[in-house]
Every structure is written in structure tokens, then in C-alpha cells.
Amino acid sequence: MARPTAAIKTLGCKLNQFESQQMREQLEALGYCIVPFEAVADLYVINSCTVTTRTARDCRQLCRRTKRLNPESLLLVTGCYAQVTPEQLEQIAATDIVIGNAARGRLAQFVPPADTAPPTDLLPPYAETGPMIRAISGHTRAFVKVQEGCDAHCAYCIIPLARGASRSVPAGDVIKQVNLLVAAGCPEIVLIGTHLGQYGADRDGDADLSGLVRALCELPDLLRLRLSSIEPREITDGLIEIVAAGGRCLEADSSRPGRGKLCRHWHIPMQSGCDEILQCMNRPYDTSFYRSLIERIKLTQPDTAIGADVIVGFPGETDEQFEQTRAFIESLPLSYLHVFTYSARPGTTAARMPDQVPGQVRKERNHILRAISERKRAAFANNMVGKQLEVVIEQFTEASDNELSAITDNYLRAEVAGSPELIGSIAKIQVTNAHGGMLHGELVE
Ligand code: SF4
């Protein structure tokens, strides 16, 4: 008796990728065989996103397209779009089951189990906040969710409506989860959350983010740890010191166990470089605070990568205010930007604001900042020429079979000649040149 097949499509952020992996391991435990999403399957799962109008539209189109692959199949839609506006998905004839975010950890209640009982060793261990994962399929590095939800209320953001109040995974469960992935051979762990900096604030007596990071860096078999996005107000001197001490620059004395594991990489949402706009966005800092934070970090570690999120076209943003943002970004030692075009989301304060910026203007502003981001990434990469850097070898490059693609601890892509058995390992490279933000190097070790 053939096992039923299931396919999972993930839209949106790293959190969704982690939760899709949780769903994958639950379905395998229920006896499903996971197949690519383009294949004919008995069950399709779409893990949706609602952060922009486009992601919501993409999800609706995907629902209709998916059912055409196998009209007899079951289509389950979950994720933030299903959480915030389930009725819009329920109206689509193609969808059979629409469940919210919390229900994702209990798929067995919504999908029919396979007739044949699965081998029991497939049952994932459960944490307080849901099943643990053993890998992130298709990825060399693994995301680990340590926090979810947000207690802030930025004017443009729908996430608190989709993910609820901030809540943290107990530190003990995080350590168990990390050990599980490390035991599975994962070379790098990326800590993720909706609002990572709020880690521990909801759990009296449990560690805060610095405490969690210190505890993880003490795990003997953990090779590399990376922090994902952290809000400016939550980057403490303690955290800056840990990253500065734990930077995996080769001078670091690797004989000091527990140190030298933390990547020299910060991702710090800025959102705007204009104080009036930051105020309208209800962001809890101004440009002088942001500048002093960036300069303080760069002072501790010049080769650390600093990336920033920026939103263009927020309601009321004038050409002069956008120019302030452009000039502010140019003046900062940033390594790259993630540029987002403002998108009015239902239920947010900004969606009700006057002076919505025309789409074409938002597009032009987006292009301007993306060009700056490319220049900054190229300049940052050029500074690495002649240095030795540590990389995780991830896969073959598209170009050739003996060229490997890797990622440095300070978040640069690198291409290096090497053999396939290096994929998934950590190596040291000598950077020989850089081109358009991409490094080229030779293996040292
Ligand atoms: S943008 Fe603001 S409201 Fe949205 S998740 Fe981040 S901190 Fe929370």
C-alpha cells in the first residue's frame, strides 16, 4: 500500500520556513511521503504570509493553481494570511482547510493519517511550543525559532495581528533543539523570532537574549551561531560585547571553548532615516540613536556586517523626507539594505493615514535605495580582499560543478574551488578578489 504524498509551500519569512519544517516532520510522522510542490500530491499545504498586499495575492493565486495539479487532493492553508483573514481564503473554492498559526503544531487534528502506520522513530520530539525539527530541508544552515509575536505596534505592521503577543521558547527547549540539529551535522544555527530582542521578557527568571546566546556558545559541538534581525533598542552593550568577543575572526583564540562561535553579523531594522517619518511609524528611536549604535558596533569590530531594513513610500513621505533617508543611509557604514516598498495592510494605523504615496513614486524610491545597497555591499566585499575568512560551504555554484558557493560569518557570498564532500562543512578561505559584492577565494584549510 503506497504511502500518501504531501507537498508544502512556504511563503514569507524564516519563521515560516521553520514552521514548515515542523509541519513536514509531523506529516512524515503521520505516514506521508513528502514530494516537491510541483508534483501531484494527495495533500497540499500552503504556509502563507500577509506582510504585503502582494504576498496575500500570491497566496490566493497559488491556491487556485495548486488544486489544478490534482483536483482530488486536499488543500490546507495556514500561516499569517490564514490567521488574519481566513474568510478571504475560505471563499476560494480550491481551499479545503484553513487553520491559524497556533494550529500548525497539531496537524494530526486536521489531516487524515496514512493507512499504514509510520515507523515510530519518525515522531519528532515535542517542545512546549511545538515539535522539534531535525533539519531545514534544502538548507545547509538551520533556523531555530526562539521567540514569536510582538508587543510593539509599528504603524505599518500587521505582524502583531498575525502572530499575537511576544512569547519565548524556554531556554532549555532551545538548547535541546540546537543540540538536535548539531547532532544532525548542521554547521550553523540562525536564531530567529518575530522580535528577537524581546526574548525572555515574558518568562520570569529565564534567560534574556544575551544569556541565551552565552549558553548556546558554551555547547561544545555547536560550530557557528548567527543572530537574525534585532530591533535597535534591544541591542545591549552586553550583546555587542558578546559578538565582539565571539567574532570568528581568525585571530580569535579558538582554544577558548565557547568563544569564537558567533558570526560578525547584525541585521538592524532602520525603516527610515527621517525623524518625522520614524515618529509617524511609531518607531522607538531617532536617527541620532541609530547612528550612534551603528558606529559603536563598527568601532568594536570593523569587519562585522551590518544590514538594515528600510521602508520607502510610507504615507506622507515627501521627496525631502526621502532625501533625508537617502543621505542618512549614504553616511552610515552599512554593508547592505533590505528595501521594502510600503504596502497598506488591513487593521494597521498607517493604512488609515492620509497622503498615501503613489505607487510609481514608491517604486522609484525603492530602486534608488537598492542601488545604494549594491554599492555598499560591493564596497564591504572589497574590504575583505587579502583577508582570511571562515565560511560554511553550502552548495555548488550554478556556474560549475567544482566551484562551491559559501557564506562567510560576516554575511558575504563567496565562491571557492573545492570538492563536493566539503558541502555542509566549515572552512577557511583566503580572499583573492571581489566582484559586485561576491567574494572569490582559495581554501586555506
Ligand atoms: S515591525 Fe514593529 S510591530 Fe512589526 S514585528 Fe517588528 S517591531 Fe513588531
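Procedures and definitions
- Residues numbered from 1 in each chain as written.
- Predicted model: local features only at pLDDT ≥ 70, side-chain atom pairs only at ≥ 80, totals over all residues.
- Heavy atoms only, no water.
- Near = heavy atom within 4 Å.
- Nonpolar A, V, L, I, M, F, W, Y, C, P; charged D, E, K, R; others polar.
- Helix = DSSP H or I, 4+ residues; strand = E, 2+ residues; numbered from the N terminus.
- Buried < 20%, exposed > 50% of the residue type's maximum accessible area, 1.4 Å probe, protein only.
- Pairing = 2+ DSSP bridges.
- Axes fitted to C-alpha atoms, helices over the stretch in contact; angles between N-to-C directions.
- Contact = heavy atoms within 4.5 Å.
- Expected span 1.5 Å × (residues − 1).
- Arc of directions from axis to C-beta.
- Polar contact = N/O pair within 3.5 Å; in protein donor to acceptor, adjacent residues only side chain to side chain.
- Left-handed = near helix turned anticlockwise from the far one by under 90°.
- Core = buried A, V, L, I, M, F, W, Y, C linked by side-chain atoms within 4.5 Å.
- Salt bridge = Lys/Arg side-chain N within 4 Å of Asp/Glu carboxyl O.

Asks: Looking at this model, I keep getting lost on the site of the ligand. Mind explaining?
Replies: As a structural note, the neighbourhood of the ligand is formed by Cys 150, Ala 152, Cys 154, Tyr 156, Cys 157, Pro 160, Thr 194, His 195, Glu 231 and Arg 283. Of the residues contributing to the shell around the ligand, the split by class is 6 nonpolar, 2 polar and 2 charged.

Asks: Could you clarify how one ought to interpret unusual backbone geometry in this entry?
Replies: Of note in this structure, Gln 271 is not a glycine but carries a positive phi near 75°. If you trace the backbone, Gln 271 turns up in the loop between strand 13 (265–267) and helix 9 (275–280). Overall, Gln 271 belongs to the buried group, its relative accessible area being 7%.

Asks: Quick question: what am I supposed to make of the sheet that holds strand 13 here?
Replies: Sheets are built from strands that pair by backbone hydrogen bonding, the pairs being arranged parallel or antiparallel. Overall, parallel pairing links the 3 strands, which are arranged 13-14-15 in an open sheet. Both outer strands of the open sheet, strand 13 and strand 15 (336–341), are each paired with one neighbouring strand and no more. Across the sheet, the axes of successive neighbouring strands diverge by a mean angle of 15°, strand direction being ignored. Pairing geometry for strand 14 (residues 305–312) and strand 15, over 6 bridges, is parallel. Within strand 15, the residue paired with Gly 307 across the bridge is Tyr 336. Contacting strand 14 and strand 15, helix 12 (residues 359–382) runs over the sheet at an angle of about 170° to strand 15.

Asks: Can you walk me through the sheet that holds strand 20 (residues 438–443) in this structure?
Replies: Read around the barrel, 5 strands follow the order 16-17-18-20-19 and close on themselves; strand pairing throughout is mixed. Strand-to-strand twist across the sheet, computed as the mean angle between neighbouring axes with direction ignored, equals 50°. Sheet topology note: the strand 16 (residues 388–396)/strand 17 (residues 403–408) ladder contains 5 bridges and is antiparallel. Residue pairing in the sheet places Val 391 in a bridge with Thr 408 of strand 17.

Asks: Even after reading the chapter, I still don't get helix 2 (residues 53–69), so can you show me in this structure?
Replies: Note that an α-helix has 3.6 residues per turn; residues three or four places apart therefore point the same way. Relative to the 24 Å expected for 17 residues at 1.5 Å per residue, helix 2 spans 25 Å between its end C-alpha atoms, a close match to the ideal helical length. For helix 2, every residue scored as buried is listed here: Thr 55, Ala 56, Cys 59, Leu 62, Cys 63, Thr 66 and Lys 67. Projection of helix 2 onto a plane perpendicular to its axis shows the buried side chains occupying an angular sector of 120°, all on one side. Those residues of helix 2 that are exposed and aimed more than 90 degrees away from the buried face are Arg 54 and Arg 68. Against the buried residues of helix 2 lie strand 1 (5–10), strand 3 (43–48), strand 4 (74–79), helix 3 (80–84) and helix 4 (86–90).

Asks: Can you help me understand the side chain of Gln 147 in this one?
Replies: If you trace the backbone, Gln 147 turns up in strand 9 (residues 147–148). Overall, the relative accessible area of 0% leaves Gln 147 in the buried class. In this structure the side chain of Gln 147 is engaged in a polar contact, spanning 2.7 Å, whose partner is the backbone oxygen of Gly 149. Reaching out from Gln 147, the side chain makes a polar contact with the backbone nitrogen of His 195 at a distance of 2.8 Å.

Asks: Please explain the packing of helix 6 (residues 171–183) against helix 7 (residues 209–217) as it appears in this structure.
Replies: Two quantities define a packed helix pair, namely the angle between the axes and the distance from one axis to the other. Put simply, helix 6 and helix 7 touch, their axes get as near as 11 Å, and they point 35° apart. The element helix 6 and its partner helix 7 pack so that their crossing is right-handed. For the pair helix 6 and helix 7, contact is made by Ala 171, Val 174, Ile 175 and Val 178 and by Leu 212, Ala 215 and Leu 216, respectively. Of the residues contributing to the contact of helix 6 with helix 7, the split by class is 7 nonpolar, no polar and no charged.

Asks: Help me understand the nonpolar core in this model?
Replies: Across soluble globular proteins, nonpolar side chains have a tendency to be buried as a group. The biggest cluster of nonpolar side chains holds 59 residues, and the ones touching the most others in it are Ile 189, Leu 191 and Trp 266. Setting aside residues up to four positions removed in sequence, Ile 189 forms contacts with Ala 142, Val 144, Val 178, Leu 181, Leu 222, Arg 224, Leu 225 and Arg 226. Of all hydrophobic cores here, the second largest spans 20 residues; its members include Leu 11, Ile 46, Val 77 and Ala 82.

Asks: Would you mind showing me how to read the pattern of salt bridges here?
Replies: Once their charged atoms are close, side chains differing in charge can pair, the charge on each being opposite to the other. Under the definition given, this model contains 28 salt bridges. Measuring nitrogen to oxygen at the nearest pair gives 3.5 Å for the salt bridge that ties Arg 134 to Glu 25. Of the two residues, Arg 134 is situated in the loop between strand 7 (130–131) and strand 8 (142–145) and Glu 25 in helix 1 (residues 14–29); the sequence distance between them amounts to 109 residues. Residue class for Arg 134 comes out partly exposed when judged on its relative accessible area of 31%. Its relative accessible area of 3% is what places Glu 25 among the buried residues. With a closest N to O distance of 3.7 Å, Glu 390 and Arg 224 form a salt bridge. Remark: Arg 224 occurs in the loop between helix 7 and strand 12 (225–227) and Glu 390 occurs in strand 16; sequence separation between them is 166 residues. We note that Glu 390, like Arg 224, is buried. Via salt bridges that share partners, Arg 141, Glu 188, Arg 224, Arg 226, Glu 390, Glu 394 and Arg 413 belong to a single interconnected network.

These results come straight from atomic positions and should not be treated as a statement about function.
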